Amino acid sequence: MIKMLLLLFTRRKDSDITCSNDIGQLKTHGKEQRYVSPTTGNCRKLIVQAVAPSGKFEVPIKDNTNEASKWIWRFVWFTGRLLWPVVWFLVELYFNTGDDYEDTESSYNNGYYKPYLRCFQRQLWAARSRKEHSSRIIKEEDEINTRTHACYPRILMIRSLDQDGWVRCVDREIIIHIKFIAISYRALDVYTRGDNEEIAQFVDKVRAAVLGQQFDAYWLDLECVDESERNRDVYCMTDVYRRAETTLIILGRVASGENECWRNYSERVWTFPEALLSPRLCYMFRDREEVKPLSLFELANLAYTNSDDEQAIINAYGGKDPLERLEHLTLLKKAIWRRAMRALPVSSSPPSRLELDMIGEGSVTNKVYKPYRPHKAEQVYALMGFFEHRIQPNNHEDELMALARLSMANDTDRITERMVSMLPSTTTPEACWYADSDIYDANLWDIVPEIQVAGVTENGALVLDGCQAAAIRWKNFPEVAFSTTHSLRRTVVGFMPYCSWPSSRTGGIALVGIGILLLILSPVLFLYAKSGRIATAQPWLIGVKGVIDRNKIDGHLYGGTIGHFPRMFYTPSGSPFSQPEQLGGRRGSDKQYEDAEERERSGPDSGHMYTLIDTYLSTVYYFRAERAPTVCIFAGREGGLGRFVLCSENCKDNELHKEMVLRMPTEISQRMELCSWVALG
């Protein structure tokens, strides 16, 4: 009975999540948003201070600073021990002439932001280093025996000696001594799905065109890609077009319009690298016999008239406008990503069988034409033909996991590391690190990464090394240790309340009256004494849900001021809402507060606006996010500023999720501590 009661009260709910702290101890909790305490390393519920609290875990803004009452109690404590006010004044004046004054009651002041303590504790799906364990399934012979670039195709279709047919050749000694044509086409343009008779007619047309061009060999994926060797053939497919004597492009039927045929051809993933990498080009229509020569510039005018990226790439390959390597690869990625994969399902009915002989080891009879079945990461495999180092195709990975592996294999380009620092207008939920654009209008090659990708998780997250990170405080405004610039006038005014306690009776009622007056005015006097310009402050990153102006922030941090010194500033170019002042020095305009407040009041961003306060440089940032970010990571540099990635925590998967990227001064990173591996996914 007792055991049943224990099970009843200790049984976990189906919605519970199990996570671990920074030393691996397990803990079970609900699905509410949580964070890792930078003090204890334990997983806690995230309590967010908000301008207008609305949820269960939102509270009104609270601070731990009340300068007036704090200094009254100090006054009482000091005056009880004060015998000679003038002596104390001279001592205070002598020892407080520097800029190194600090709030002695601050509970945290080591010159650094609060650290992020949780690290990635799981296995990698794919690792950069061969010493690390990778959980992905690898065929050892594929990894070890594959070549970076193939000097000849693995299979060719060769005309037989008796001129009566074609044979499938796998004999290296024959293949390396024969010139061949590679065929490029879009399947939907040349045959109908499931119509194997039409496929056979297409093959006959290819053979006739090859003979018409005075060649005795050709490469066509329908005949030269084996299902059992599909990964190996995809790995070397771009090399086939590099080594071909010429590439024959077969378009759709001219009856549908020549422009339409070229447009359809340009939409397929593989046709772009096939055409670019070929030494020579020619083309024909499906319902015509004539074969015409084609240059790259003619191809650009016919197939890519509406795309500046493709035009720039073709101009670069034609030697007209050379591009830097990273810019070149970036444009290629964008061009290939816009294209659809050729996904033709294998016919459910038995396909027609054509008798074929084979030159080389083994025999191939009853050959079945099967339309090529693309991988999930087909776009990456089409792109990797332009890289020096390639990756082995994998049926279990998606395009983002493959892109991460390709980037790790070609570390000098550091494509994924650069993407981490960018923020697209729409974030990919499954892989928030991926970016093909940036809201700050930066290009991939503009980013200088400060991190390294150590591997990829089974969820497609990047595991990052070398991160400098800081925790963001959300529950309230902490008591911030700070110092102000020295001022003789403020020092004198700050000392005056100490004179409110008479040291002798000779003064009589007059001195008592003066003392009472000074005692009444002491809160104001102390406040004025602390109202100088902030010289240094303990680094904190403080978050508030909603939009709060800098004057209120100043009051919550430092208890208010009496004076004209501004203590908090808006960023001139650090967030999507930033607006620089047009006149005067480099500083942010107050108009960004009005714009952010307007977005908070109405529109799709209502309820998703946040304020981030950096006490180290006294800067305020406004931004939009789906969830409150609890971690700030320094990921790179761009345009004279650092790229800082704000992330929320997913303790269930031991991952971080990118919520926003801010452009903050790089010197902030020097106040952040290095953390262990983190997973961004």
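Residues numbered from 1 in each chain as written. Predicted model: local features only at pLDDT ≥ 70, side-chain atom pairs only at ≥ 80, totals over all residues. Heavy atoms only, no water.

*Asks:* If you had to explain the overall build of the protein to someone new, which residues and values would you point to?
*Replies:* Helix and strand counts for the protein stand at 22 helices and 32 strands. Per-residue burial for the protein yields a buried fraction of 52% across its 681 residues. Of the contacts formed within the protein by residues at least 6 apart in sequence, a portion of 68% connects residues at least 24 apart. Accessible surface for the protein amounts to roughly 32,600 Å². Of this, 52% is attributable to carbon and sulfur atoms. (Helix = DSSP H or I, 4+ residues; strand = E, 2+ residues; numbered from the N terminus. Buried < 20%, exposed > 50% of the residue type's maximum accessible area, 1.4 Å probe, protein only. Contact = heavy atoms within 4.5 Å. Areas by Shrake-Rupley, 256 points an atom, 1.4 Å probe, with all protein chains shown as cover.)

*Asks:* Please provide a residue-by-residue account of the nonpolar core, values included.
*Replies:* One finds Tyr185 and Trp433 to be the most contacted residues of the largest nonpolar core, which totals 145 residues. Dropping the residues within four chain positions of it, Trp433 is found in contact with Leu400, Leu403, Ala404, Thr416, Met419, Val420, Gly460, Ala461, Leu462, Lys658 and Leu680. Ile534, Ala596, Ile613 and Tyr622 belong to the second-largest nonpolar core, a separate cluster that totals 22 residues. (Core = buried A, V, L, I, M, F, W, Y, C linked by side-chain atoms within 4.5 Å.)

*Asks:* Got a sec to walk through helix α7 (residues 196-212)? Specific residues and values, please.
*Replies:* Taking 1.5 Å as the rise per residue, α7 with 17 residues should run 24 Å; its terminal C-alpha atoms sit 24 Å apart, in good agreement. Downstream of α7 by a residue or two, Gln214 has a phi angle that is positive, lying close to 65°. (Expected span 1.5 Å × (residues − 1).)

*Asks:* So what about the state of the cysteines? Which residues, and what values?
*Replies:* One pass over the structure, following the stated rule, counts 0 disulfides. Cysteine Cys467 shares no disulfide, and the gap to the nearest cysteine sulfur, in Cys675, comes to 5.0 Å. (Disulfide = S-S within 2.5 Å.)

*Asks:* Run through the packing of aromatic side chains, naming residues and quoting values.
*Replies:* Under the definition given, this model contains 13 aromatic pairs. Between Tyr570 and Tyr622 the ring centres are 5.8 Å apart and the planes differ by 45°, which places this aromatic pair in the tilted class. Of the two residues, Tyr570 sits in strand β25 (residues 569-570) while Tyr622 sits in strand β27 (residues 619-624), which places them 52 residues apart along the sequence. Accessibility expressed as a relative area gives 5% for Tyr570, which makes it buried. We classify Tyr622 as buried; its relative accessible area is 0%. (Phe/Tyr/Trp six-rings, centres within 6.5 Å; stacked < 30°, edge-to-face > 60°.)

*Asks:* Which residues make up the confidence of the model for the protein, and what values go with them?
*Replies:* For the protein, per-residue confidence averages 78 on the pLDDT scale, and residues scoring 70 or more make up 73% of the total. Considering each helix and strand of the protein separately, the mean pLDDT is smallest for strand β15 (residues 353-354), with a value of 34, and largest for strand β28 (residues 631-638), with 95. Across residues 97-107, confidence stays below pLDDT 50; counting only partners more than four residues off in sequence or on other chains, it has 27 contacts. Counting interchain partners and residues more than four positions distant, the pLDDT-below-50 stretch residues 341-357 has 48 contacts. (pLDDT = per-residue confidence, 0-100.)

*Asks:* Talk me through the side chain of Glu638; I want residue IDs and the actual numbers.
*Replies:* Mapped onto the elements of the fold, Glu638 is located in strand β28. Look at Glu638 and you get buried, because its relative accessible area is 12%. A polar atom in the side chain of Glu638 sits 2.9 Å from the side chain of Arg643. When neighbours within four sequence positions are excluded, Glu638 is seen to be in contact with Ala442, Asp446, Ile447, Arg643 and Arg663. (Polar contact = N/O pair within 3.5 Å; in protein donor to acceptor, adjacent residues only side chain to side chain.)

*Asks:* Before we move on, can you summarise the side chain of Asp413 with the specific residues and values?
*Replies:* With respect to the helices and strands, Asp413 occurs in the loop between α17 (399-409) and α18 (415-420). Judged by its relative accessible area of 5%, Asp413 falls in the buried class. Not counting residues up to four positions away in its chain, the partners in contact with Asp413 are Arg325, Leu326, Leu329, Phe387 and Arg418.

*Asks:* Could you give me a rundown of unusual backbone geometry, with the residues and numbers involved?
*Replies:* The residue Ser618 is not glycine, and still its phi comes out positive at about 55°. If you trace the backbone, Ser618 turns up in the loop between β26 (609-614) and β27. Residues other than glycine seldom take positive phi values, yet Asn654 does so here, at roughly 60°. Relative to the helices and strands, Asn654 resides in the loop between β29 (641-650) and β30 (655-664). Among the residues examined, Asn654 registers a relative accessible area of 9% and is labelled buried.

*Asks:* Describe empty space enclosed by the protein, listing the residues and the values that go with them.
*Replies:* Overall, the coordinates contain 5 cavities of 30 Å³ or more when judged by the stated rule. One number sums up the size of the largest cavity: a volume of about 140 Å³. Along the wall of the largest cavity there are 14 residues; nearest its centre are Pro153, Arg154, Asp233, Cys236 and Val240. Where the lining of the largest cavity is concerned, the elements lending two or more residues are α9 (230-235) and α10 (237-243). Looking at the lining of the largest cavity element by element, the count peaks at 3 residues for α10. When grouped by side-chain class, the residues that make up the lining of the largest cavity number 9 nonpolar, no polar and 5 charged. (1 Å grid on protein atoms, 1.4 Å probe; cavity = no way out; pocket = protein on both sides within 12 Å on 5 of 7 lines; lining within 4 Å. Points joined across faces, edges and corners; volume = space filled by probe spheres on them. Nonpolar A, V, L, I, M, F, W, Y, C, P; charged D, E, K, R; others polar.)

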